[in-house]
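Fold and contact review
So you can see what is in the structure, the chains are spelled out below.
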Amino acid sequence: MAILSDAATEVLVPLAALVGIAFAVAQWVIVSRVKLSPSAGGDRDKDALGDALIEEEEGLNDHNVVVRCAEIQNAIAEGATSFLFTEYQYVGIFMSIFAVVIFVFLGSVEGFSTRTHPCTYSKDKECKPALFNALFSTVSFLLGAITSVVSGFLGMKIATYANARTTLEARKGVGKAFITAFRSGAVMGFLLASNGLLVLYITINLFKLYYGDDWEGLFESITGYGLGGSSMALFGRVGGGIYTKAADVGADLVGKVERNIPEDDPRNPAVIADNVGDNVGDIAGMGSDLFGSYAESSCAALVVASISSFGVNHDFTGMCYPLLVSSVGIIVCLITTLFATDFFEIKAVKEIEPALKKQLIISTALMTVGIALISWLALPAKFTIFNFGEQKEVSNWGLFLCVAIGLWAGLIIGYVTEYYTSNAYSPVQDVADACRTGAATNVIFGLALGYKSVIIPIFAIAVGIYVSFTIAAMYGIAVAALGMLSTIATGLSIDAYGPISDNAGGIAEMAGMSHRIRERTDALDAAGNTTAAIGKGFAIGSAALVSLALFGAFVSRAGVKVVDVLSPKVIIGLVVGAMLPYWFSAMTMKSVGSAALEMVEEVRRQFNTIPGLMEGTGKPDYANCVKISTDASIKQMIPPGALVMLTPLVVGTFFGVQTLSGVLAGALVSGVQVAISASNTGGAWDNAKKYIEAGASEHARSLGPKGSDCHKAAVIGDTIGDPLKDTSGPSLNILIKLMAVESLVFAPFFATHGGILFKLF
């Protein structure tokens, strides 16, 4: 028996989630104290007076600057809100149609019968009717989708609320600006982690009222929650990615390369669309993506646990082990965040990146202790785990090792990503150096760097898979994925910090603030760029483990005893599955390219036809560029989304579970490699450009300054890398997870009615 009682578990999980939400609200309240309206002179307390003196000393206490910052912030917030509302209307239609598909397919497994039937794994027990499983799976799908949408939307709202406040705080020093941006990122991180946990926990308890002792049916229907979360994430990532990169490429090519004006110059018509894009792609898209990973890894672990000794013996605390790991994660991340905001103060630019990296190390070290504690308290000393038709005996310390190896593999992937994408190290400096001979050598070096950066993360994932599977079969892999995501609140805080800092720099430039302020925001942004790459590394690494765990659950549920790679049915699946990431990437890259083409033409047209635009006397038409990005991304996100959502349905229905197993394995193996190399190549090109622009070392100064041939070659590399690192790369991890979770949800249908073509011939 476990030390922790069921009653204690029922209190601990929701309590941790509520603490996380309360912490997020507290951080938001602190950020909101930075006023976006010019302050009246009379009612200042002592601290405010000190701050005002600093501002006046720098000649920056200018009411016009504050007003201008507020105006720009409103324009960005309005653009982001209107885009997300438009996107969610289209996605809402899809969600409704797909919910009907889930209900019809799963309901038809036993001809829409309302009679109980023998359970799939425990034949001596009666399970609830298939029709009600279909209904509850549909409800959990809708709940997951809504939670994902809300997570993304709240993140975007917080980011657009905080960007101008970060700019204004930069007047008082880099430390104040850093804390404002980081606190705002923490609001998103903690809200998302806590909401995901709370909604999942409440859903399980509500479903239990109907299912009673039928835990097999209960947790099978809960898998819809992961499917809902990931399907929304796909559209958020692809739609947001196309939006942000169309604007970014358009703004860079015409503004920097052709017109030789700085980044975020207010004369550039695409500049507002570019800043809106950071929020809808990097914030809302990333939020939905990591929420999807979290929901799926929890669902995969719960499905396997429900047919293991935890489920068979109705051990509620053991069953909730994945949720308890996430609960401990929220508390650990809360303590970790205080190190950045309260315990240590950032005083110089060079301290920013180490402070962010310390967050990863502190959270991982504390979480290791937390996992050991919860494994000792919540698990019996020995228990059995379902392993393809057999029960495998596992100890509580074995399971601790599985979670810990996932956690540390995540840290390794994060650090390797940072080594290959930060301009503090030789790989990116070599790429910058290659710009001496033009854009072509820059592109060659960048591609080579991306391919090379795949090696160590794949070894880390491989070791994680082998050790966790050896100890606890597929359940071990599911909890290893959960271990990697257990510090999601800290990971997301660091990740959201990047786009907020990027926007802050843009606002400083557009508001005409001094060069010193722009240097501070650039330093925040450069650190944010590297941490964004680390965030993508985590997302891809966890996606590999999550999809493998889901694959294992699918194979078990579909009754596949062994996946034989020498069977022609499996081989054709493997080959087609390995091709899918390339097909998907081709679609998303081309979408960005055609949208960027339209944007470039519009920006050129405005520069050529609006009198006085280059001189700063004419006003650009920002709204038209925002409209181009919005229309293009909404139209172009449908085909890649349809490819991912329809593939498992078509393959499973017409070719059966063996071929679908091959497709899932092929997509996983090829998708992870393509995703890592695409993300890191793009990140390296971006930071090579920033390395030349900053001119912080003798080597960097020899390549600069801005506007030189070297710099223009770096801008071209950065522009090519934009869709790789922010559209295709990050969307691929959703492709591999989403196909796996969709196959798991529809597994009962595929097992009963699948393989129509092979039955005919």
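Residues numbered from 1 in each chain as written. Predicted model: local features only at pLDDT ≥ 70, side-chain atom pairs only at ≥ 80, totals over all residues. Heavy atoms only, no water.

1. Structural notes on the overall build of the protein
- When helices and strands are counted, the protein shows 24 helices and four strands.
- Relative to the 2.2 N^0.38 estimate, which gives 27 Å for 761 residues, the radius of gyration of the protein is 26 Å and therefore close to what a compact globule would have.
- Dimensions of the protein, computed from the C-alpha atoms along their principal axes, are close to 80 × 60 × 45 Å.
- The proportion of buried residues among the 761 residues of the protein is 64%.
- Taking the intrachain contacts of the protein between residues at least 6 apart in sequence as the baseline, contacts between residues at least 24 apart amount to 85%.
- Counting every atom, the protein has about 26,300 Å² of accessible surface; 66% of that belongs to carbon and sulfur. (Helix = DSSP H or I, 4+ residues; strand = E, 2+ residues; numbered from the N terminus. Rg over C-alpha atoms; globule rule 2.2 N^0.38 Å. Buried < 20%, exposed > 50% of the residue type's maximum accessible area, 1.4 Å probe, protein only. Contact = heavy atoms within 4.5 Å. Areas by Shrake-Rupley, 256 points an atom, 1.4 Å probe, with all protein chains shown as cover.)

2. Here we look at the packing of helix α3 (residues 63–107) against helix α19 (residues 622–636)
- Interhelical geometry of α3 versus α19 gives an angle of 20° and a closest axis separation of 10 Å. Overall, the two elements α3 and α19 adopt an arrangement that is roughly parallel. Crossing of α3 over α19 shows right-handed handedness. Across from F83, T86, E87 and Y90 in α3, the residues of α19 making contact are T630, S633 and I634.
- When grouped by side-chain class, the residues that make up the contact of α3 with α19 number three nonpolar, three polar and one charged. (Axes fitted to C-alpha atoms, helices over the stretch in contact; angles between N-to-C directions. Parallel < 35°, antiparallel > 145°, perpendicular 65-115°, else oblique. Left-handed = near helix turned anticlockwise from the far one by under 90°. Nonpolar A, V, L, I, M, F, W, Y, C, P; charged D, E, K, R; others polar.)

3. Some details on the nonpolar core
- One finds F178, Y321, I352, Y475 and F554 to be the most contacted residues of the largest nonpolar core, which totals 224 residues.
- Per-element tally for this core: the top contributor is helix α5 (residues 174–211), with 20 residues.
- Grouped together as the second largest cluster of nonpolar side chains are 19 residues, V416, Y420, V431 and A688 included. (Core = buried A, V, L, I, M, F, W, Y, C linked by side-chain atoms within 4.5 Å.)

4. Some points on the side chain of T719
- Within the element layout of this structure, T719 appears in helix α22 (residues 709–745).
- With residues near it in sequence (within four places) discarded, T719 still touches V249, D252 and L253.

5. Remarks on the pairing of strand β4 (residues 390–395)
- Across six bridges, the pairing between strand β3 (residues 382–387) and β4 is antiparallel. Residue pairing in the sheet places N387 in a bridge with E390 of β4.
- Connecting β3 to the antiparallel partner β4 that follows it, the hairpin turn spans two residues, and F388 within it adopts a positive phi of roughly 50°. (Pairing = 2+ DSSP bridges.)

6. Points about a nonpolar patch on the surface
- On the surface, a cluster of nonpolar side chains totalling about 450 Å² of accessible area is made up of V11, L15, V19, I331, I335 and L366.
- Taken together, the elements giving at least two residues each to the nonpolar patch come down to α1 (6–31) and α10 (321–343).
- At three residues, α1 tops the list of elements feeding residues into the nonpolar patch.
- You can see L366 is positioned in helix α11 (residues 352–378).
- Assessed through its relative accessible area of 32%, L366 is described here as partly exposed. (Patch = residues over 30% accessible without salt bridge, like charges linked within 9 Å, V, L, I, M, F, W, Y side chains within 5 Å. Salt bridge = Lys/Arg side-chain N within 4 Å of Asp/Glu carboxyl O.)

7. What about the side chain of E220?
- Looking at where E220 falls in the secondary structure, it is placed in helix α6 (residues 215–258).
- When near neighbours in sequence (up to four residues on either side) are disregarded, E220 contacts N133, S137, R557 and P748.

8. What about the environment of G239?
- Mapped onto the elements of the fold, G239 is located in helix α6.
- For G239, a relative accessible area of 0% corresponds to the buried category.
- Sequence separation between G239 and E87 is 152 residues; the distance between their C-alpha atoms is 7.6 Å.
- Once residues lying within four places of it in the same chain are set aside, the contact partners of G239 are F83, E87, S633 and M637.

9. Observations concerning the layout of surface pockets
- What the largest pocket holds in volume is close to 1,200 Å³.
- Lining the largest pocket are 47 residues, and of these D522, A523, A526, K690 and A694 sit closest to its centre.
- Mapped onto the lining of the largest pocket, the elements with two or more residues apiece are α11, α16 (488–510), α17 (515–557), α20 (638–694) and α22.
- Looking at the lining of the largest pocket, the element that brings in the most residues is α17, giving eleven residues.
- A per-class count over the lining of the largest pocket returns 16 nonpolar, twelve polar and 19 charged. (1 Å grid on protein atoms, 1.4 Å probe; cavity = no way out; pocket = protein on both sides within 12 Å on 5 of 7 lines; lining within 4 Å. Points joined across faces, edges and corners; volume = space filled by probe spheres on them.)

10. Some words on the packing of aromatic side chains
- Summed over the entire model, instances satisfying the criterion amount to 31 aromatic pairs.
- Geometrically, the ring pair formed by W397 and F400 is edge-to-face, given 5.8 Å between the ring centres and 85° between the ring planes. Remark: F400 and W397 occur in helix α12 (residues 396–421); sequence separation between them is three residues, near one turn of the helix.
- What makes W397 partly exposed here is its relative accessible area of 44%. (Phe/Tyr/Trp six-rings, centres within 6.5 Å; stacked < 30°, edge-to-face > 60°.)

11. A closer look at unusual backbone geometry
- The backbone of N260 sits at a positive phi, close to 60°, despite the residue not being glycine.
- Relative to the helices and strands, N260 is located in the loop between α6 and α7 (271–306).
- Since its relative accessible area comes to 49%, N260 is described here as partly exposed.
- In this structure, A473 is a non-glycine residue whose phi angle is positive, near 50°.
- Residue placement: A473 occurs in helix α15 (residues 455–484).
- According to the relative accessible area criterion, A473 is buried, its value standing at 1%.

12. Focus on empty space enclosed by the protein
- The tally for this structure, following the rule as stated, stands at ten cavities of 30 Å³ or more.
- Along the walls of the largest cavity sit 31 residues, with D282, D502, N529, D686 and K725 positioned nearest its centre.
- Of all elements in the fold, only α6, α7, α16, α17, α20 and α22 reach the threshold of two or more residues within the lining of the largest cavity.
- Grouping the constituent residues of the lining of the largest cavity by class yields four nonpolar, seven polar and 20 charged.
- Every residue lining the second largest cavity is counted, 14 residues in all, and those nearest its centre are L290, T487, I488, G491 and F538.

13. Focus: the environment of G107
- With respect to the helices, strands and loops of the structure, G107 is situated in helix α3.
- Classification of G107 as buried rests on a relative accessible area of 0%.
- Measuring from C-alpha to C-alpha, the distance between G107 and A130 comes to 5.8 Å, with 23 residues separating the pair along the chain.
- Beyond its immediate sequence surroundings of up to four residues, G107 is in contact with I102, F112, L131 and A134.

14. Concerning the pattern of salt bridges
- Scanning the entire structure with this criterion turns up 25 salt bridges.
- D686 is the salt-bridge partner of K689, the closest N and O atoms lying 3.6 Å from each other. Of the two residues, K689 and D686 both sit in helix α20, three residues apart, roughly one turn of that helix.
- Residue K689 is classed as buried on the basis of its relative accessible area, which comes to 1%.
- Exposure remark for D686: the relative accessible area of 7% places this residue in the buried category.
- Here the salt bridges do not stand alone but share partners, grouping K245, D248, D525, D686, K689, K690, D718, D722, K725 and D726 into one network.

15. Looking at helix α13 (residues 426–433)
- All of the buried residues along α13 are P427, V428, V431 and A432. Buried positions in α13, seen along its axis, are confined to an arc of 140° and lie on one side of it. (Arc of directions from axis to C-beta.)

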